[in-house]
Structures are given as C-alpha cells and as structure tokens.
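# Per-entry structural report
Listed below are the residues making up each chain.
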Amino acid sequence: MVRLGVLVSGHGTNLQSIIDAIESRRISAEIRVVVSNNPGAYALERARRHGIPVEVVEGGSYASREEYDRVLVELLRRYGVELVVLAGFMRILSRVMISAFPMRIMNIHPALLPSFPGLDVQKKALEYGVKFSGCTVHFVDEGVDTGPIIIQAVVPVRDDDTVESLRQRILKEEHRIYPQAIQLFAEGRLVVKGRRVFVKGDAGDVACGGVLENPSVTVFDGEDG
Ligand code: GAR
C-alpha cells in the first residue's frame, strides 16, 4: 500500500480516476492528502466527497518557488506521503521538492513527450499537424516535462478534431495509465536507469545489480548498471 499525496489545480478528473481505482481495489494505494494551489479547484470537492483530507497552499504569499516548495515538503511529510502525484498541478516544482522526493514525484502530461512540453499542448499538436498524440506519465526532474518516462499511451488525431475532442480522447487514456503507473510503483516494479524506466517482471526484464533505494523504485546510478 503506497501512501500518496495528490497535487491538483483544476477539475480533478485524474484525481477521480485514482480514487476510483483505489476504491475498486485495482490499485494498492491510499491518498493521504490532496493539495491544491487553487482554493476554487473542483478537485478539492471530489476529495472531500471521498473523505480525503485537503490542504490549500496558495502561491501568492510566497517570495519564491523554493519557499513555496518548502511548505509543500513539510506538509507532505506530515501526512506521511511516499509518492507525490501531480494531477493537473499547474506549478513548476523547484529543486527543494525534487530533492525531497527523488524519483518519487510523478506527473501526467497530455502529449507524447518529448513532443509538446508546456501548456496548451493539445492545441499545439493540432496546429503542428501530428497524426498521433497521447499522454505521458513520467518522473519529475528539475526540467519542465523532461523526467524519465514511465508509461505512454497513443491516440489518433482525426481530421475533424477540435482541441476539445482531442483533449477528451487523450484524457480517457490519462485515466487509464496514471493508476497503472502508480500500481507499478506500489508493487516496487519500476527500475530507473538513467533516462529509461524499466518494469520488473515485463519481457526483457533488467537483470543486473543495482542499489535498491526503497521498496518502490530502484534507481541505478551512472551510465549503465
Ligand atoms: C490533464 O489533461 C493533465 O494531463 C494536464 O492537465 C489536465 C488536468 O485535468 N496536465 C498538464 O498539462 C501538466 N502540465 P484534471 O484536473 O481533470 O485531471
């Protein structure tokens, strides 16, 4: 059972998919706290309805990203969080958060990284004219949408797509793969080697020595293990 802290800013459909996966016992996790930088986020309402503690930490009153993140780290530690799950959290994290939870922060992004990092990415994908897009679950490092990729899902882009229709098609896949990624972490099956994330137990298993840093994620230091 992995203890999650879910960070949100908006509607919270990804949060809902994680709550649903937990309640139907598809994943072995517990949401200790839902944190939002936006007091009006509908995601908070979803959490309350399921009896999950909520906290709001608004950005405005902090002098720097680091100062904000120190409050976040303290709060997440207080709730005993092991894995931080960014679910539509619209803030960039600083080194303070990344170093407090190394390879223990996941994010979901509505594009096939490394294509289209940043914001408004469904619009960018349509404008670029790609024939496929999708979503990416990745560990968070100090860059923006640059961390090691855990799972991706692909969707077609149709000729008559609007930003909204593409957004919905991608979102459906987000709701499928984010709980999966969390479950792989919970089972201790994720192995990070440089930029690559391997899943223990999959075909082509990685069978080399490394440092088992905790039961949930194995991180190999250096170029090759
Ligand atoms: C999701 O599409 C998520 O991938 C995206 O925000 C949406 C949140 O929806 N995240 C980002 O763009 C992060 N850069 P939700 O609040 O309904 O889960």
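Now for a look at the structure at hand. (Residues numbered from 1 in each chain as written. Predicted model: local features only at pLDDT ≥ 70, side-chain atom pairs only at ≥ 80, totals over all residues. Heavy atoms only, no water.)

Moving on, we get to the layout of surface pockets. For the largest pocket, the calculated volume is near 910 Å³. Around the largest pocket, the lining comprises 38 residues; the ones closest to its centre are Gly-88, Phe-89, Met-90, Ile-108 and Pro-110. A per-element tally of the lining of the largest pocket places helix 6 (residues 163-186) first, with 5 residues. Along the lines of polarity and charge, the residues of the lining of the largest pocket split into 17 nonpolar, 14 polar and 7 charged. (1 Å grid on protein atoms, 1.4 Å probe; cavity = no way out; pocket = protein on both sides within 12 Å on 5 of 7 lines; lining within 4 Å. Points joined across faces, edges and corners; volume = space filled by probe spheres on them. Helix = DSSP H or I, 4+ residues; strand = E, 2+ residues; numbered from the N terminus. Nonpolar A, V, L, I, M, F, W, Y, C, P; charged D, E, K, R; others polar.)

Taken together, His-11, Gly-12, Thr-13, Asn-14, Gly-88, Met-90, Ile-108, His-109, Pro-110, Leu-171 and Glu-174 make up the full set of residues near the ligand. A distance of 3.4 Å separates an oxygen atom of the ligand from a polar backbone atom of His-11. Take Ile-108: an N or O atom from its main chain is 3.5 Å from an oxygen atom of the ligand. In isolation the ligand has 450 Å² of accessible area, and contact with the protein removes 88% of it. Its atoms largely coinciding with the cavity grid, the ligand occupies the largest pocket. Contributions of two or more residues to the shell around the ligand are made by helix 1 (13-23), strand 5 (105-109) and helix 6. The residue inventory of the shell around the ligand, partitioned by class, reads 4 nonpolar, 6 polar and 1 charged. (Near = heavy atom within 4 Å. Polar contact = N/O pair within 3.5 Å; in protein donor to acceptor, adjacent residues only side chain to side chain. Areas by Shrake-Rupley, 256 points an atom, 1.4 Å probe, with all protein chains shown as cover. Sits in = over half its atoms within 2 Å of the grid points.)

Before going further, it helps to examine the pairing of strand 9 (residues 196-199). Regular strands show a simple pattern: their side chains alternate between the two faces of the sheet. In this structure, strand 8 (residues 190-193) lies alongside strand 9, joined through 4 bridges in antiparallel fashion. Directly across from Val-192, in strand 9, lies its bridge partner Val-197. A loop of 2 residues connects strand 8 with strand 9, the two strands running antiparallel in sequence, and Gly-194 in this loop sits at a positive phi of about 60°. (Pairing = 2+ DSSP bridges.)

Moving on to the side chain of Ser-133. By secondary structure assignment, the location of Ser-133 is in strand 6 (residues 132-139). The residues contacting Ser-133, other than those within four sequence positions of it, are Pro-110, Ala-111, Leu-112, Ala-125, Ala-153, Val-154, Val-155, Val-157 and Ile-170. (Contact = heavy atoms within 4.5 Å.)

Of the two faces of strand 10 (residues 217-220), the one lined by Val-217 and Val-219 and the one lined by Thr-218 and Phe-220 are each fully buried. Bridging between strand 8 and strand 10 involves 4 bridges; their strand directions are parallel. Looking across to strand 10, one finds that Lys-193 is bridged to Phe-220. (Buried < 20%, exposed > 50% of the residue type's maximum accessible area, 1.4 Å probe, protein only.)

As a further point, take the environment of Met-1. Structurally, the position occupied by Met-1 is in the segment before strand 1 (2-8). By relative accessible area, which is 65% here, Met-1 ends up exposed. For the pair Met-1 and Pro-156, spaced 155 residues apart in the sequence, the C-alpha separation amounts to 35 Å. Residues contacting Met-1, with those up to four places away along its chain left out, are Ser-28, Ala-29, Glu-30 and Glu-82.

This part covers helix 6. End to end, helix 6 covers 34 Å across 24 residues, agreeing with the expected 34 Å (1.5 Å per residue, within 8%). Following helix 6 by one or two positions, Gly-188 adopts a phi angle in the positive range, close to 70°. (Expected span 1.5 Å × (residues − 1).)

Going through the model one piece at a time under the given rule, you end up with 11 salt bridges. The partner of Arg-176 in a salt bridge is Glu-173, with the nearest N and O atoms 2.7 Å apart. Note that Arg-176 and Glu-173 are positioned in helix 6 at a spacing of 3 residues, about one turn of the helix. Note on Arg-176: relative accessible area 42%, which makes it partly exposed. What emerges from the salt-bridge pattern is a single network uniting Glu-45, Arg-48 and Arg-49. (Salt bridge = Lys/Arg side-chain N within 4 Å of Asp/Glu carboxyl O.)

Attention now moves to the nonpolar core. Grouped burial of nonpolar side chains is what soluble globular proteins tend to show. One finds Leu-4, Met-106, Phe-139, Ile-182 and Leu-190 to be the most contacted residues of the largest nonpolar core, which totals 49 residues. The residues contacting Phe-139, other than those within four sequence positions of it, are Met-103, Arg-104, Ile-105, Met-106, Gly-147, Pro-148, Ile-150, Phe-185, Leu-190, Val-192, Val-197 and Val-217. The next biggest cluster of nonpolar side chains, apart from the first, holds 22 residues, and it includes Val-81, Val-84, Leu-86 and Phe-101. (Core = buried A, V, L, I, M, F, W, Y, C linked by side-chain atoms within 4.5 Å.)

With that out of the way, let us pick up the packing of helix 5 (residues 121-128) against helix 6. Packing of helix 5 against helix 6 brings their axes to within 9 Å, and their N-to-C directions diverge by 115°. Put simply, helix 5 runs roughly perpendicular to helix 6. In the crossing of helix 5 with helix 6, the sense of the turn from one axis to the other is right-handed. Residue-level inspection shows Gln-122, Lys-123, Ala-125 and Leu-126 of helix 5 in contact with helix 6, the latter providing Val-163, Leu-166, Arg-167 and Ile-170. Considering only residue class, the contact of helix 5 with helix 6 consists of 5 nonpolar, 1 polar and 2 charged. (Axes fitted to C-alpha atoms, helices over the stretch in contact; angles between N-to-C directions. Parallel < 35°, antiparallel > 145°, perpendicular 65-115°, else oblique. Left-handed = near helix turned anticlockwise from the far one by under 90°.)

Worth remembering: the numbers are spatial, not functional.
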